[in-house]
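# Fold and contact review
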Amino acid sequence: MKKHSALLFFFIFLTVIVPSATTVAETNIYGETGVALGYMSNSNLITVETEKETNLTADLWGTLYFSAMDHHLNHCLLALNLEGNLAASLAEEDDPVSIGVDQFYLQIPLFQDAFLYCGKKQKEKGISRFFNVSNRISPKYLVNYEVTRTAPGLVELDFIHSPALSHSYILYFPETNRWEETNIAAFMDFSGQRWTADVFCYLEKLSAPLAGFSLSYQHKAWQYYVETIWKRKADQYILRQNGVEELGLRKMDDPLAAVFGLKLTQENWCFTMEFLHRREGYNSEEQRTFIDYIKTDAGREVGFVNHDLLRNYLGISFSIDSILDSRFSAETKAICSFQPDTFCFHQYVSWQMLTQITYEITQNSLLSFFIEHAAGGKYGEFNNVYPFGQLFALIVQYYF
Amino acid sequence: MRKILTAGVVLLMLLIQTVWANYEDELLKKADEAFFPVDVGYFKVFMEDYEDNKYRRYYRVEIFTRDDKYLLVGLEPNLIRGFVQLRVGDIIYSYIRRIDRMEQLSAKVAFQGSTLSQEDIMNTSLAKLYNLQSYEEGLLDGKKVYILHLTARTKEVAYHRIVSYIDVESHELIKRDYFTFSGDKVREMIVNEIRKENGEHKAVGFTFYDTLRPGYYTKVKIDDFSYHIEAPETYFTRSYMKAVAK
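Residues numbered from 1 in each chain as written. Chains lettered and ligands numbered in written order. Predicted model: local features only at pLDDT ≥ 70, side-chain atom pairs only at ≥ 80, totals over all residues. Heavy atoms only, no water.

## Quick notes on the nonpolar core
Formed by 51 residues in total, the largest nonpolar core has its most connected members in B:Phe35, B:Tyr130, B:Leu148, B:Phe206 and B:Ile222. In this view, B:Leu148 contacts B:Leu27, B:Leu28, B:Ala31, B:Leu132, B:Ser134, B:Tyr135, B:Ile162, B:Val163, B:Ser164 and B:Ile166; residues no more than four positions away in its chain are not counted. Formed by 31 residues, the second largest nonpolar core is a distinct cluster that contains A:Val133, A:Ile170, A:Tyr172 and A:Ala185. (Core = buried A, V, L, I, M, F, W, Y, C linked by side-chain atoms within 4.5 Å. Buried < 20%, exposed > 50% of the residue type's maximum accessible area, 1.4 Å probe, protein only. Contact = heavy atoms within 4.5 Å.)

Here it is as structure tokens:
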């Protein structure tokens, strides 16, 4: 169904929108594709998937962009997403390769310095590299060797008031079936000589308010920033033991999540460090009971969202654009979760390390070697929740 | 009487210093204008990177400019489609539509792995970022030149010191040497072409050498100047970057 919808979109775009757009607009077709051969070693968590699958993976992915923009900045973008498991046989899966619509939207300039966006679109917001707490519309997650971001249906109005001030208003519909589940967001962006600030608020499902701000200051090669979000109430699943172990909701009033970060950029290398504190996250007691629970048969199917479990996370990354030769580049990232308020610190700490070394074969093609490793203490998050302990992958990417 | 004479001498020295400083500022301004047009609102840049004297990659970008603001839009190859950079004062923002990411960069960061820094691409006037400390007359390859010694106004810029060689008659740039804060010469620019028609620039070409790595250089050609486009102030905002990314 997903493939048929995507192909239908593509057909409509190709036969209706492109011909009418090409008469006055500049059209571009471009994209990227990649193949990854991977090996995973199992972690402490054994799920239904890891029990039956081999450790070898062969994944295919790609994005194809169709873009038409005229000199008035009327813009139409269609991004088709391709994902596939090359190792799956036809007998096991109906669609080893799936095509979906990643984004499809129109950009329409209204009057002086105002734009209307309508469609399925990603919304970029926030400063943090690792923990994008302020972005509730298209939050980004570090997943293996790529960053994923959702694109909900939305209607967005952007006003560029002056070089120092712009504001935007968004109506967005992530997996919405009823009008009562509509979400609203408003943003105000300020820019100064060396600083930027964003103030925002959300009203989710027309009932749950959230608000926050992000602030960035540049001093020479250093950038300092903070990104925060406050919710009126937060729900967190914790394990309740009332005779029977089961997950239940804990409601917390006024939880605040804040990211503090700094970034140092030099000619061909960059260092970033961020600290995330989430008040609604698990304390050490809740972490211990949750980790014990997910090792049981009942707990194995519990879903996991990156960096959405505990209270404290530290992220560090170092990237270098040129190692000996400009064709070699590398990046290493580490994310650590920990409980500072326990005597058994080593039992609750865990870390996830990701390293990628890339070779530029030609200007448009890259060969990368990727390693991911999760480790930690007895009740550590990453080593117990991730389905693999280590991931090795050889990746070839082509941009066209 | 003596006091009047002393005051007169001091005033004369101040006057000479002011006139000299004004002449130096005027010389730097003329050098900037002879090399690159100051009243242009739009131009295109074509760059070819060479490593070990072998061709490696190319880029074509278009740039809108107003005062000390620059908006760069990636054109070719398709790898940089949807790539936009904005320079406002000392801050450089970079937006990539493919990964939908907005970042802040330093002026010292290399532009797309080339020998040019972000500042080299997004700055057309030395006078905005550097002070002329002194100048002298000299010879370069048998030609009479002014040798201008410039130092950075702030520490946010890419280079600490620049030595610029300009033709005495036309004030056109012939060569520039770039030095870091540690005193090392890191880049050398040789101007290949400054073509004008009816007093307006039509093309500027130069080669940018990495003096620390022999065989590494970038050839740059700037053309398609448009003198009649004045981009609105709101072009040079983060919100507009996302709208203009193709």
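## Considering the interface of chain A and chain B
With 53 residues of chain A at the interface, the matching set in chain B holds 42 residues. Between chain A and chain B, the buried area comes to about 4,300 Å², and carbon and sulfur atoms account for 43% of it. B:Lys242 serves as the salt-bridge partner of A:Glu124, at 3.0 Å between the closest nitrogen and oxygen. At the junction of chain A and chain B, the tally comes to 17 residue pairs in polar contact (both at pLDDT 80 or more). At 6 residues, strand E1 (residues 26-42) of chain A tops the list of elements feeding residues into the side of chain A that touches chain B. Among the residues making up the side of chain A that touches chain B, the classes are represented as 15 nonpolar, 21 polar and 17 charged. (Buried area = accessible area lost by both parts, 1.4 Å probe. Salt bridge = Lys/Arg side-chain N within 4 Å of Asp/Glu carboxyl O. Polar contact = N/O pair within 3.5 Å; in protein donor to acceptor, adjacent residues only side chain to side chain. Helix = DSSP H or I, 4+ residues; strand = E, 2+ residues; numbered from the N terminus. Nonpolar A, V, L, I, M, F, W, Y, C, P; charged D, E, K, R; others polar.)

## So, helix H3 (residues 284-294) of chain A
H3(A) sits mainly inside the fold: 8 of its 11 residues count as buried. Two to three positions downstream of the cap, the backbone nitrogen of A:Glu285 sits 3.2 Å from a side-chain oxygen, assigning the N-cap of H3(A) to A:Asn283.

## Topic: the pattern of salt bridges
Overall, the coordinates contain 30 salt bridges over all chains when judged by the stated rule. The partner of A:Glu285 in a salt bridge is A:Arg288, and the shortest N-O contact between them spans 2.9 Å. With a gap of 3 residues between them, A:Glu285 and A:Arg288 both fall in helix H3, about one helical turn apart. Residue class for A:Glu285 comes out partly exposed when judged on its relative accessible area of 46%. Residue classification places A:Arg288 among the partly exposed positions, given a relative accessible area of 25%. Here the residues in one salt-bridge network are A:Glu360, B:Asp49, B:Glu51, B:Arg56 and B:Arg57, joined through shared partners.

## A word on the pairing of strand E20 (residues 350-362) of chain A
Residues and elements named next belong to chain A. In the sheet, strand E19 (residues 328-338) pairs with E20 via 10 bridges, with the strands oriented antiparallel. Directly across from Ala330, in E20, lies its bridge partner Ile357. In this structure, E20 lies alongside strand E21 (residues 365-376), joined through 12 bridges in antiparallel fashion. Note on E21: the bridge partner recorded for Thr355 is Ile371. Where E20 folds back onto E21 in an antiparallel hairpin, the turn is made up of 2 residues. (Pairing = 2+ DSSP bridges.)

## Looking at the side chain of B:His171
Residues and elements named next belong to chain B. Take His171: it is sitting in the loop between strand E9 (161-167) and strand E10 (173-179). Residue His171 is classed as buried on the basis of its relative accessible area of 15%. Excluding residues within four positions of it along the chain, His171 makes contact with Leu27, Lys30, Ala31, Ala34, Tyr146 and Ile166.

## Topic: the packing of aromatic side chains
Two descriptors summarise a pair of aromatic rings, namely the distance from one centre to the other and the angle between the planes of the rings. For the coordinates displayed, the defined rule picks out 38 aromatic pairs over all chains. On the basis of an interplanar angle of 10 degrees and a centroid distance of 4.9 Å, the ring pair of B:Tyr50 and B:Tyr217 is categorised as stacked. Taken together, the residues B:Tyr50 in strand E1 (residues 42-51) and B:Tyr217 in strand E13 (residues 217-226) connect sequence positions 167 residues apart. The same class applies to B:Tyr50 as to B:Tyr217, namely buried. Here the aromatic residues B:Phe35, B:Phe36, B:Phe43, B:Tyr159, B:Tyr178, B:Phe206, B:Phe208 and B:Phe225 are joined through ring pairs into a cluster of three or more. One cation-aromatic arrangement involves A:Lys121 over A:Tyr105; the distance from NZ or CZ to the ring centre is 5.6 Å. Cation over ring: B:Arg213 sits above B:Tyr216, and NZ or CZ is 4.2 Å from the ring centre. (Phe/Tyr/Trp six-rings, centres within 6.5 Å; stacked < 30°, edge-to-face > 60°. Lys NZ or Arg CZ within 6 Å of the ring centre and 35° of its normal.)

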